[in-house]
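Okay, here's what each chain looks like letter by letter:
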Amino acid sequence: WVHDLSGGMPLKLTFDGVHYSSVWTPDGRRLVMERDPDATNQTLFSIAADGSSAALQPFGPKGHYHPHGWTADGELVATRVIDGGVDMDLVRFAPSGEAMVREIVVTPTREGYFAAVSPDGRWVAYTSEASGRTEVWVQPTSGSGSPVRVSSQGGVAPAWTRQGGELYYLENARVMAVAVDTRNGFNFKVPVALFSSDAITGDNALDVMADGRFLAFSAEGAPDHPISIVLNWPELLAQRAPAH
């Protein structure tokens with residue numbers, strides 16, 4: 001489904017089987033999604049995002065992949081799933097079915113159960129169990145350099161702001177914020193807790209809208225009351241009540 005955040009009617013795109021883990025193409029015209037492997041072991045398909053066609057087109061190489069986002073040169077960053085999820089690695093590849101799969105992060109542990117690509121396509125924030133528990137790490141999408149751990153007490157569901165200057169993730173029911181600077185490598189500050197909510201659990205995906213509001217799946221049975229987050233409130237207060 002595509003849901004219009006301005007209040008329009010939701011649009012159903014797929015009608016056959018189970019489809020999930022969808023990401024927009026960079027031009028916003030199509031969605032790339034995952035579904036259960038077919039007879040040819042193809043899991044990624046794309047579809048017109050405006051509902052103009054219900055035809056699914058195979059996307060990328062064959063195999064089991066979870067799509068996450070796009071590199072600066074238009075390749076898809078995805079998690080490669082092996083042995084039913086026992087092994088997970090972060091890779092990248094072009095849309096073509098004959099595209100070469102290039103590795104970003106490959107270790108004996110599981111990488112990329114959650115992952116998000118920075119707006120400029122240069123960095124991928126992902127979860128890894130390399131430290132013995134699930135933490136959030138950041139690595140260049142090129143695969144070069146060493147990964148950097150940004151969470152300290154466990155973390156899942158990383159999400160970038162649209163400007164790329166801040167990274168969010170979930171620590172249990174708390175939304176954590178990490179200020180980042182990527183002008184000269186990857187530099188970051190100590191994570192701080194923004195807020196917590198019973199409506200958010202560690203298994204929920206997290207995203208950030210252009211105006212700074214958060215999007216998250218509500219846990220089953222969670223309160224249905226809205227949550228309002230005000231950022232940069234001292235500046236807003238100064239605008240409404242200037243100091244005398």
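Refer to the structure presented above.
Presented here is an overview of the structure given in this document. Here the residue numbering is sequential within each chain, running from 1 through the sequence in written order. Reporting of local features is limited, given that this is a predicted model, to residues whose pLDDT is at least 70; pairs of side-chain atoms are given and counted only at 80 or more, and all residues count toward the totals for whole chains, interfaces and linings. Water and hydrogen atoms play no part in the side-chain values, which are based on all heavy atoms of the structure.

### A few points about the overall build of the chain
Here is step 1 of the chain: Counting from the N terminus, the helices are the DSSP runs of H or I reaching at least four residues and the strands are the DSSP runs of E reaching at least two. When you go through the chain residue by residue, the secondary structure sums to one helix and 19 strands.
Here is step 2 of the chain: We compute the radius of gyration over the C-alpha atoms and compare it with the globule rule, which gives 2.2 Å times the number of residues raised to the power 0.38. Rg of the C-alpha trace for the chain: 19 Å, near the compact-globule value of 18 Å for 244 residues, within the 12% margin.
Here is step 3 of the chain: Taken across its 244 residues, the chain has 42% of its residues classed as buried.
Here is step 4 of the chain: For this analysis, residues touch if any pair of their heavy atoms sits within 4.5 Å. Of all intrachain contacts in the chain linking residues separated by at least 6 positions in sequence, the fraction that spans at least 24 positions is 32%.
Here is step 5 of the chain: Note on areas: Shrake-Rupley, 1.4 Å probe, and residue coverage restricted to the protein chains presented here. When the accessible area of the chain is evaluated, it comes to approximately 13700 Å², of which 52% is carbon and sulfur surface.
Here is step 6 of the chain: In this charge count, Lys and Arg are treated as positive and Asp and Glu as negative; neither His nor the chain ends contribute. Where a charge lies is defined by one atom per residue type, namely NZ (Lys), CZ (Arg), CG (Asp) and CD (Glu). Between the centroid of the 18 positive side chains of the chain and the centroid of its 28 negative side chains there is a distance of 5 Å. Per-residue accessibility, obtained with a 1.4 Å probe over protein chains only, is compared with the maximum for each type, and a residue is labelled buried under 20%, exposed over 50%, and partly exposed between these values.

### A word on the sheet that holds strand 5 (residues 65-70)
Here is step 1 of the chain: Across the sheet, which stays open at both edges, the four strands sit in the order 5-6-7-8 with antiparallel pairing between neighbours. Bordering the open sheet on either side are strand 5 and strand 8 (102-105), each of which pairs with just one other strand. Across the sheet, the mean angle from the axis of one strand to that of its neighbour is 35 degrees, orientation sign disregarded.
Here is step 2 of the chain: The criterion for strand pairing is that DSSP finds at least two bridges linking the strands in question. In the sheet, strand 5 pairs with strand 6 (residues 76-82) via five bridges, with the strands oriented antiparallel. Paired with Gly69 across the two strands is Val77, which belongs to strand 6. Convention adopted: a line fitted to C-alpha atoms gives each axis, helices being fitted over their contacting stretch, and angles between N-to-C directions are expressed from 0 to 180 degrees.

### As for the sheet that holds strand 10 (residues 123-128)
Here is step 1 of the chain: Strand order in the open sheet formed by four strands is 9-10-11-12, with antiparallel pairing between adjacent strands. Sheet topology places strand 9 (111-117) and strand 12 (148-149) at the edges, where each strand pairs with a single neighbour.
Here is step 2 of the chain: Of the strand pairs in this sheet, strand 11 (residues 135-140) and strand 12 are connected by two bridges, and their pairing is antiparallel. Bridging from a neighbouring strand, Trp137 pairs with Arg149 of strand 12.

### Observations regarding the packing of aromatic side chains
Aromatic ring pairs are reported here in terms of the distance separating the ring centres and the angle at which the planes meet.
Here is step 1 of the chain: Here is the rule: rings of Phe, Tyr and Trp (six-membered ring for Trp) pair when centre to centre is within 6.5 Å. Planes less than 30 degrees apart are stacked, more than 60 are edge-to-face, and the remainder are tilted. Scanning the entire structure with this criterion turns up seven aromatic pairs.
Here is step 2 of the chain: Ring plane angle 75 degrees and centroid distance 5.2 Å describe the contact between Tyr113 and Phe114, whose orientation is recorded as edge-to-face.
Here is step 3 of the chain: Between the aromatic rings of Phe195 and Phe214, the centroid separation amounts to 5.7 Å while the plane-to-plane angle is 65 degrees, which identifies the pairing as edge-to-face. Separated by 19 residues along the polypeptide, Phe195 in strand 17 (residues 192-196) and Phe214 in strand 19 (residues 214-216) bring together distant segments of the chain. Across the pair, Phe214 and Phe195 agree in class, each one buried.

### Regarding the pairing of strand 11
Here is step 1 of the chain: Extensive coverage of strand 11 is indicated by the burial of six of its six residues.
Here is step 2 of the chain: Side chains of strand 11 alternate between two faces, with Glu135, Trp137 and Gln139 and Val136, Val138 and Pro140 buried alike.
Here is step 3 of the chain: Bridge count for strand 10 against strand 11 is six bridges, and the pairing is antiparallel. Bridging across to strand 11, Ser128 finds its partner in Glu135.
Here is step 4 of the chain: Turn length for the strand 10-strand 11 hairpin, with the two strands adjacent in sequence and antiparallel, is six residues, and the turn residue Gly132 shows positive phi of about 105 degrees.

### A short note on the environment of Ser118
Here is step 1 of the chain: Looking at the secondary structure, you find Ser118 in the loop between strand 9 and strand 10.
Here is step 2 of the chain: Spatially, the C-alpha atom of Ser118 lies 8.9 Å from that of Leu167, the residues being 49 residues apart in sequence.
Here is step 3 of the chain: Setting aside residues no more than four positions away along its own chain, Ser118 makes contact with Trp123 and Trp160.

### Points about the pairing of strand 13 (residues 156-160)
Here is step 1 of the chain: Of all five residues in strand 13, five are buried; the element is thus mostly enclosed.
Here is step 2 of the chain: Both strand 13 and strand 14 (residues 166-171) contribute to a ladder of three bridges, which runs antiparallel. Within the sheet, the bridge partner assigned to Trp160 lies in strand 14 and is Leu167.
Here is step 3 of the chain: Two successive antiparallel strands, strand 13 and strand 14, enclose a turn made up of five residues, where Gly164 displays a positive phi of approximately 80 degrees.

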